[in-house]
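Survey of secondary and tertiary structure
The lines below spell out each chain.
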Amino acid sequence: ILNKLKKGNRKRSVKTSQTLKIISFDIPERERRKRDRLRRELISLGLNKLQKSVWVGRIEIPEDFIKELRNSGLLEYVHIFSVGKEGTLAEEGKTN
């Protein structure tokens, strides 16, 4: 996927999810080209950028995406979180 992605950002067909996914990464400068391709892939998956290295969306992460991260040597730099409960800490402390 990362290797096949061209400059044009094609939107991929992915399953939506009830669970919010957060993808963050810290990829070394020496891997800049791979990092830039990863950002284009995150856009094609329909994720939204919070910061240059933090992306969010309600999608099911495709297996081929994980496989390509592993094959490209980037998996160790990428963290994927699944948020089961949303809200703020302030809301957690409220009593009715």
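The coordinates are above.
Nothing here was measured: the structure is a model prediction, and the numbers come from that model.

**Topic: the environment of leucine 50**
Considering the arrangement of structural elements, one finds leucine 50 in strand E2 (residues 48–51). Its relative accessible area of 59% is what places leucine 50 among the exposed residues. Put simply, leucine 50 and isoleucine 23 are 27 residues apart on the chain and 10.0 Å apart in space, counted from C-alpha to C-alpha.

**Quick word on the pattern of salt bridges**
Scanning all chains against the criterion turns up four salt bridges. One salt bridge in this structure joins glutamate 29 and arginine 32, with 2.9 Å as the shortest N-O distance. Look at arginine 32 and you get partly exposed, because its relative accessible area is 45%. Glutamate 31 is paired through a salt bridge with lysine 34; the nearest N and O atoms lie 3.6 Å apart. A cluster of three or more residues bridged by salt bridges with shared partners is formed by Glu29, Arg32 and Arg35.

About the cut-offs
- Residues numbered from 1 in each chain as written.
- Predicted model: local features only at pLDDT ≥ 70, side-chain atom pairs only at ≥ 80, totals over all residues.
- Heavy atoms only, no water.
- Helix = DSSP H or I, 4+ residues; strand = E, 2+ residues; numbered from the N terminus.
- Buried < 20%, exposed > 50% of the residue type's maximum accessible area, 1.4 Å probe, protein only.
- Salt bridge = Lys/Arg side-chain N within 4 Å of Asp/Glu carboxyl O.

By themselves, these observations are geometric and do not establish any function.
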